[in-house]
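Listed here are the chains, written in short residue letters.
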Amino acid sequence: MPTGLVALLDDVSVIARAAAASLDDVSAAAAKAGTKAAGVVIDDAAVTPSYVTEFTPDRELPVIARIAKGSLFNKLVILLPAALLLSAFLPWAITPLLMAGGLFLCFEGAEKLLEKLGAEKHGQTLEDQPADAASFENERVSGAVRTDLILSAEIMAIALAEVADQGIIQQALILALVGVVITIAVYGTVGFIVKMDDIGLHLVKRTSATAKAIGGFLLRAMPVLLAVLATVGTAAMLWVGGGIILHGLEVLGISGPAHLAHEGQHWVEHATGALGGVLGWLTYAVLSALVGVVLGAIVAFVVHAIGKARGKH
């Protein structure tokens, strides 16, 4: 074999090994970054079913697919290039933008909480029998995608912070991988949750006693799970939104509110022994949610006051 060809094949082999090692590094970094964002991912999975469960069974999976497609667009087309550009040229703008998104989550969570407490409802539900079902679906999908944009921004920001020491190409690959995997995981889980009753109904019709038992359990568990998720979803908006605000203020040099929340968390951790980790986290989440309720209620009051002043309801 000519020497030049041998040298070329050797170079190709070296490049291939380097590429394989690079892919391994990207996968490991993506896994690490995704793990750091796990809390927000759980919140995302809790929030989304509330946008889907009012639809008829034949529309549930198509609606989830539309929201998942919007989520991928959010992560890969909007947030990924925006994160890289901001990181490279305007790193100081990341925190204020995340705080604006956190305030939006506080607003949405506070509205849902106020409605549950008897305040005036805003926006249609299927109970209102909307005249245009397609427009209603589009509105719900748009609302879910807007909320996903905020949660996805937090996920991507956490992931970006974990890979800040990587080159821009590696950062882009890692963020893209994190975005795709998390979207599949979240909306795959949401799809399973909202179709639990259909799966249960199918199983109870089987001849196997085990299948019937599992099917019956799924049918009984579905209403309870959806009720729990509706509550957790609202709470998640408030504690994630409030947590983003607290962290953002701390980054901007206003550390008092976050310091008080962390002090409460540490006190509970030390006072509760083996359960300290869980109860400490819960304490910080509750304090963050309280911040979210206060800020969200203020924003909701201002938004609806402006709407009424303009003659809107």
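Please refer to the structure placed before this passage.
What you see is a predicted model; the values in this text were computed from it and never measured. (Residues numbered from 1 in each chain as written. Predicted model: local features only at pLDDT ≥ 70, side-chain atom pairs only at ≥ 80, totals over all residues. Heavy atoms only, no water.)

### Looking at the pattern of salt bridges
Going through the model one piece at a time under the given rule, you end up with 5 salt bridges. For glutamate 137, the salt bridge identified is with arginine 59, shortest N-O distance 2.7 Å. With glutamate 137 in helix H5 (residues 133-162) and arginine 59 in helix H3 (residues 57-89), this residue pair connects regions lying 78 residues apart in the sequence. The class for glutamate 137 is buried, based on a relative accessible area of 9%. Between aspartate 148 and lysine 75 there is a salt bridge; the shortest N-O distance is 3.8 Å. Here lysine 75 lies in helix H3 and aspartate 148 lies in helix H5, a separation of 73 residues in the sequence. Each member of the pair, aspartate 148 together with lysine 75, is buried. (Salt bridge = Lys/Arg side-chain N within 4 Å of Asp/Glu carboxyl O. Helix = DSSP H or I, 4+ residues; strand = E, 2+ residues; numbered from the N terminus. Buried < 20%, exposed > 50% of the residue type's maximum accessible area, 1.4 Å probe, protein only.)

### Considering the nonpolar core
Among the nonpolar cores identified, the biggest contains 35 residues, and Ile67, Leu105, Leu175, Val178 and Tyr187 are the most heavily contacted of them. Considering each element in turn, this core owes the most residues, 11 residues, to H5. Here leucine 105 is in contact with Thr147, Ile150, Leu151, Met237, Val240 and Gly241, once residues within four sequence places are set aside. (Core = buried A, V, L, I, M, F, W, Y, C linked by side-chain atoms within 4.5 Å. Contact = heavy atoms within 4.5 Å.)

### Points about the packing of aromatic side chains
Counted according to the given criterion, the structure contains 2 aromatic pairs. Seen from their ring centres, tryptophan 239 and tryptophan 281 are 5.7 Å apart, and the 85 degrees between their planes marks the pair as edge-to-face. Remark: tryptophan 281 occurs in helix H10 (residues 276-309) and tryptophan 239 occurs in helix H8 (residues 209-251); sequence separation between them is 42 residues. (Phe/Tyr/Trp six-rings, centres within 6.5 Å; stacked < 30°, edge-to-face > 60°.)

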